Number of protein chains: 2
Amino acid sequence: MSDHRQKALEYIQGHKIQSLEKMKEIISIPSVSTDPERAGDIKKAAEWLKRELISLGMTRVEIYPTPRHPIVYAENLSAGKDKPTALIYGHYDVQPEDPIEEWNSDPFTPTQVGEDLFARGATDMKGQIIATFSAIEAIQNTGELPVNVKFLIEGEEEIGGSHLEGFIKDHKEMLACDFFLNPDTGMQAPDLPTITYALRGIAYFELRVQGPKQDMHSGTFGGAIHNPAQVMADLLSGLHDDKGRVTLKGFYDKVLPLSKQEREELSKLPIDEEFYLEQGGVKALWGEEGYSALERTGARPTLEINGLYSGFIGEGQKTVLPAYAMAKVSCRLVPNQDPVEVYEQFTEYLEENAPETVTWELTQMSKEFPSISDRNSKWVQAYVEAAKSAWGKAPIFKREGGSVPVVVHVQHELGVDSVNIGFGLPSDNMHGPNEKIHLPTFYKGIEALVHFFFNLTQ
Amino acid sequence: MSDHRQKALEYIQGHKIQSLEKMKEIISIPSVSTDPERAGDIKKAAEWLKRELISLGMTRVEIYPTPRHPIVYAENLSAGKDKPTALIYGHYDVQPEDPIEEWNSDPFTPTQVGEDLFARGATDMKGQIIATFSAIEAIQNTGELPVNVKFLIEGEEEIGGSHLEGFIKDHKEMLACDFFLNPDTGMQAPDLPTITYALRGIAYFELRVQGPKQDMHSGTFGGAIHNPAQVMADLLSGLHDDKGRVTLKGFYDKVLPLSKQEREELSKLPIDEEFYLEQGGVKALWGEEGYSALERTGARPTLEINGLYSGFIGEGQKTVLPAYAMAKVSCRLVPNQDPVEVYEQFTEYLEENAPETVTWELTQMSKEFPSISDRNSKWVQAYVEAAKSAWGKAPIFKREGGSVPVVVHVQHELGVDSVNIGFGLPSDNMHGPNEKIHLPTFYKGIEALVHFFFNLTQ
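Residues numbered from 1 in each chain as written. Chains lettered and ligands numbered in written order. Predicted model: local features only at pLDDT ≥ 70, side-chain atom pairs only at ≥ 80, totals over all residues.

Trainee: Go over the overall build of chain A with me, naming the residues and quoting the values.
Mentor: Check the secondary structure of chain A and you find 15 helices and 18 strands. The globule rule puts the C-alpha radius of gyration for 458 residues at 23 Å, and the 23 Å found for chain A is close to it. Along the first, second and third principal axes, the C-alpha set of chain A runs to 80 × 50 × 45 Å. Looking at chain A residue by residue over its 458 residues, the buried ones come to 57%. Across chain A, contacts joining residues at least 24 apart in sequence account for 79% of those joining residues at least 6 apart. (Helix = DSSP H or I, 4+ residues; strand = E, 2+ residues; numbered from the N terminus. Rg over C-alpha atoms; globule rule 2.2 N^0.38 Å. Buried ≥ 20, exposed ≤ 12 C-beta atoms within 10 Å, placed from the backbone. Contact = placed C-beta atoms within 7 Å.)

Trainee: Before we move on, could you go through the pairing of strand β11 (residues 302-311) of chain B and cite the residues and values that matter?
Mentor: Taken across its 10 residues, β11 of chain B has 10 buried, putting it largely inside the fold. Here strand β11 (residues 302-311) of chain A pairs with β11 of chain B via five bridges, running antiparallel. Residue pairing across strands places G311 of chain A opposite G307 of chain B, the latter belonging to β11 of chain B. Sheet analysis places β11 of chain B next to strand β13 (residues 324-333) of chain B, joined by eight bridges and oriented antiparallel. Within β13 of chain B, the position partnered with T302 of chain B by the bridge is R332 of chain B. (Pairing = 2+ DSSP bridges.)

Trainee: Break down the sheet that holds strand β18 (residues 436-438) of chain A for me, citing the residues and quoting the values.
Mentor: Residues and elements named next belong to chain A. Taken in spatial order, the three strands line up as β4-β5-β18 in an open sheet, and their pairing is antiparallel. Two strands in the sheet have a free side with no partner beyond their single neighbour: β4 (111-113) and β18. With direction set aside, neighbouring strand axes in the sheet form an average angle of 25 degrees. Lying on the sheet, helix α4 (residues 122-140) is in contact with β5 (116-118) and β18; it crosses β18 at an angle near 50 degrees. This element, helix α15 (residues 439-455), spans β5 and β18 of the sheet and lies at about 60 degrees to β18. (Axes fitted to C-alpha atoms, helices over the stretch in contact; angles between N-to-C directions.)

Trainee: Account for the domain arrangement of chain A, naming residues and giving values.
Mentor: All names here are of chain A. Taken domain by domain, chain A consists of domain 1 (3-199 + 371-455) and domain 2 (201-255 + 301-368). Each of domain 1 and domain 2 has a C-alpha centre, and the two are 35 Å apart. Taken together, the contacts link seven residues of domain 1 with eight residues of domain 2. Class assignment for the residues of the side of domain 1 that touches domain 2 results in three nonpolar, four polar and no charged. (Domains from an automatic or database assignment. Nonpolar A, V, L, I, M, F, W, Y, C, P; charged D, E, K, R; others polar.)

Trainee: I'd like a description of the interface of chain A and chain B, backed by residues and values.
Mentor: Contact residues are listed per partner, giving 84 residues for chain A and 84 residues for chain B. Counting residues per element, the side of chain A that touches chain B draws most heavily on β11 of chain A, which supplies nine residues. Along the lines of polarity and charge, the residues of the side of chain A that touches chain B split into 30 nonpolar, 39 polar and 15 charged.

Trainee: Which residues make up the sheet that holds strand β5 (residues 116-118) of chain B, and what are the values?
Mentor: All names here are of chain B. Pairing is antiparallel across the open sheet formed by three strands, whose spatial order is β4-β5-β18. The open sheet is flanked by β4 (111-113) and β18 (436-438), the only strands paired with a single partner. Each adjacent strand pair in this sheet contributes to an overall mean axis angle of 25 degrees, direction not counted. The pairing of β5 with β18 spans three bridges and is classified as antiparallel. Note on β18: the bridge partner recorded for F118 is K436. Of the strands in this sheet, β5 and β18 are in contact with helix α4 (residues 122-140), which crosses β18 at around 50 degrees.

Trainee: Please provide a residue-by-residue account of unusual backbone geometry, values included.
Mentor: Of note, the bond from D124 of chain A into M125 of chain A is cis; its omega dihedral lies within 30 degrees of zero at -10 degrees. Residue placement: M125 of chain A occurs in helix α4. A positive phi angle, close to 60 degrees, is found at N429 of chain B, a residue other than glycine. Within the secondary structure layout, N429 of chain B lies in the loop between β17 (418-420) and β18. With 25 C-beta atoms counted inside 10 Å, the residue N429 of chain B sits in the buried group.

Trainee: Quick rundown of the environment of V113 of chain A? Include the residues and the values.
Mentor: Residue and element names in this part refer to chain A. Mapped onto the fold, V113 is located in strand β4. Judged by C-beta crowding, with 11 C-beta atoms within 10 Å, V113 ranks as exposed. Along the backbone, V113 and K436 are 323 residues apart, and their C-alpha atoms lie at a distance of 9.7 Å.

Trainee: Lay out the packing of helix α8 (residues 228-237) of chain A against helix α8 (residues 228-237) of chain B with the relevant residues and their values.
Mentor: Relative to each other, α8 of chain A and α8 of chain B sit at 115 degrees, their axes nearing to 8 Å. Both α8 of chain A and α8 of chain B take part in a crossing whose hand is left-handed. In this structure, α8 of chain A uses Q230, A233, D234, L236 and S237 of chain A to contact α8 of chain B, whose residues at the interface are Q230, A233, D234, L236 and S237 of chain B. Residue classes in the contact of α8 of chain A with α8 of chain B are distributed as four nonpolar, four polar and two charged. (Left-handed = near helix turned anticlockwise from the far one by under 90°.)

Trainee: Provide a residue-level description of the relation of the copies chain A and chain B, including the pertinent values.
Mentor: The transformation that overlays chain A on chain B combines an axial shift of 0.0 Å with a rotation of 180 degrees, and the residual RMSD is 0.1 Å. Both chain copies can therefore be described as sitting about a two-fold axis. Interface overlap between copies is the fraction of interface residues in one copy that are interface residues in the other; for chain A against chain B it reaches 100%, indicating a shared surface. (Least-squares fit on C-alpha atoms with pLDDT ≥ 70 in both.)

Trainee: So, α8 of chain A: which residues are in play, and what are the values?
Mentor: The buried count for α8 of chain A comes to nine of 10 residues, which makes it a mostly enclosed element. Among the residues of α8 of chain A, those classed as buried are P228, A229, Q230, V231, M232, A233, D234, L235 and L236 of chain A. Close packing links the buried residues of α8 of chain A with β9 (201-210), β11, β13 (324-333) and α12 (339-353) of chain A together with α8 and β11 of chain B.

Trainee: Summarise the pairing of strand β16 (residues 396-400) of chain B; cite the residues concerned and give the values.
Mentor: Residues and elements named next belong to chain B. Of all five residues in β16, four are buried; the element is thus mostly enclosed. Of the strand pairs in this sheet, strand β8 (residues 194-199) and β16 are connected by five bridges, and their pairing is parallel. Considered in β16, the bridge of I195 is made with F397.

Trainee: Which residues make up the confidence of the model for chain A, and what values go with them?
Mentor: Scored by pLDDT, chain A has a mean of 95; 100% of the residues are at 70 or more. Here the predicted complex scores 0.80 on pTM and 0.81 on ipTM. (pLDDT = per-residue confidence, 0-100.)

Trainee: Which residues make up the packing of α4 of chain A against α15 of chain A, and what values go with them?
Mentor: Residue and element names in this part refer to chain A. Interhelical geometry of α4 versus α15 gives an angle of 50 degrees and a closest axis separation of 8 Å. Our classification of the angle between α4 and α15 gives oblique. Considering how the two elements wind past one another, α4 and α15 form a crossing that is right-handed. Contact with α4, carried on its side by G127, A131, T132, S134, A135, A138 and I139, involves F442, G445, I446, L449, V450 and F453 of α15 and no other residues of that element. A breakdown of the residues in the contact of α4 with α15 according to their chemical character gives nine nonpolar, four polar and no charged. (Parallel < 35°, antiparallel > 145°, perpendicular 65-115°, else oblique.)

Trainee: I'd like a rundown of the environment of A224 of chain B, residues and numbers included.
Mentor: Within the secondary structure layout, A224 of chain B lies in the loop between α7 (218-221) and α8. Here A224 of chain B falls in the buried class, since 30 other C-beta atoms lie within 10 Å of it.

Trainee: Kindly report on the environment of A325 of chain A, identifying the contributing residues and their values.
Mentor: Within the fold, A325 of chain A resides in strand β13. Put simply, A325 of chain A and A79 of chain A are 246 residues apart on the chain and 57 Å apart in space, counted from C-alpha to C-alpha. Apart from the residues within four sequence positions on either side, A325 of chain A is in contact with V209, P228, A229, M232, Y309 and S310 of chain A together with L308 of chain B.

Listed below in structure tokens is the structure:
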């Protein structure tokens, strides 16, 4: 082991408290990108990052405004042209914290319980941003950077219509790199370093079904005026058949079937039905017939209801025939599905199935393509070795059910492949109440990243 | 026409502004019974009524507390034992005002636009209470009351589990009467005085379907953990068949079929499909096959979704697999259906149809029997004549789709029949935003009530 690497690893051990404190600082800023009232917090988070990146020794740090939330860019190219350049991704925005009443502590007051730190954004993904910062800091403060580093940190990952795609398109030269490091995926378990080689795309919709022109008395008009909540239930219910398959016409036409070899590999991963039962706290699983739970969540497309509203939902009772019903519906897509085609399929479904007693409106809120990365690239292999050094075992390769659109955009615009890793765990309650990060895994992650950056030049 | 009757009618004409001002006063108190934070307003409304009833010359006025909202009782028995006794009903509580953003004026600031007065509670039913007060005042202030009068005004009509039933049971002697005047139904049109001879019962439920123990990431777990919003959609969708009939087993078993004669009578009423299309602002109607819209809303039982909630319903998007889904569902019942049996039928339906991937809970929030009154009672006939005097035409007889549980309780406990009338119109937006009362109809109503009270002794 080189002397520099050794010193950097020692530096990490001596600066755990500092890394934790940095994470708490950024987490305490409630940068919820979907909430217009928190635009100020979003700005605050971007400025916090700028200050940190400057003190991290980045030679150029800029905040680029977008029509909504700003993008933070930074670089240190002192390693020189003959060394590889890593473009490191991050997003400093977080999901809304609701349902707030289900949190055991304030979502924006980082609260340590045992080995976990609870807060919105802890795992998704402020913790991972700080892990990359801490790794770079350790290397910088103990010698020269072995590679060129660029940071690209956006504030619109948790919201539809991110401006990052356009920004990448407009700044190809600035963002030029050899590979893309995306630390926004996760690990399967604290002792299972994980590389994600496929990400699902997403088509997110809001469907509104309008019945009567306003709320009406359900006694006087119920039975003659078609209830839009009932129409919504009928329409949503019809979106799956009794085999758990999505009924949209053509939905599966472009889906790349899983190869026999890949199914065999996936079946060997230590992610069984018991894992899903335990994570969900449910008695039985559900899903598309003929596929394992792991295949259903990673390699097959799905359709989920993310939100549902109609009429009176307060305490007590109200005898109302609602004027309208609203549903948020999203499809996770796998190669080679196209989110715009899914919108057309959904529209066709509504045209064929919505009764003439109501009107409806379907809005597509996001449309992101799925992606697959090369498992044998030298960048991926550098992380394989890094994981072996940090955890003492080779990482598993998995498909991820979630979507990281930037991976697709980078592939398309910059022509480079991604290394999708991260230190969040399935039990971290990402997007739900009581989101957390597992601190020992976070510290191990910093260690793995230090190894990774040194491995890149070997 | 008796001299006294003539003077009372003249008194009304001279005191329209006073009647309107009284109505505005009581309407301005936001007595929403389902909102625990408005318990103080409920109390304020009860005390306002007490003061008014005292100044109206009632010889006994009392506020009876209940475990929730108080009941106001008043009487003037000066007409003597050989004269009939009317028990006049009212409720001073109102529906919640939401969705507040759809109101054109503040719900609790009575706002006159043309001939209409807009406010929550205007038509349901503070306006009708003031109409009875104004009629009694006119008669009292121009001579002696021709009949004995008792007022029974509750504060829990718009909420499940009213304490009025128990109160009637416990105060049979005090409430003894010859008939029950219930001014909480309405008129079909401004020129169509209406007597309601049948009211539907109601069984109101809250259904909760619990999926995973907490909100989860829809990308990571969608497709393997059954989405409770989807289960809810499936369950709600299955509650009707493709003929618009409710699928609960045994639901129609006790339904009294409409007689050929009654169907003929109903078909002659000036309430056609056009009326419902216009009220709802919809392109097409819906409902149980084989019945007219009027029959569907009055003489046939129905099942409506009153509210629906799951997951993320705010602005933007959130990729959540919700922990649970909630629906408010109510059935309107016709003779001789039993609301407790409907609860058992719904429970059986859920036991048979809910998948093992979720758990569920069904809560019955109210259970009120349907009722039918004698159309030929002398009390009903007194109103038939009163309507002729006030509007120049005999009233129509109709069934009402809504529920007025007190009519059933009075029939059962006090052994008397009801006269169900009122001066609200179908276009009054009862229970919805922009509730209103049509002032010319309100004034005519006071006139009809004066005639009615004089007719009772003829």
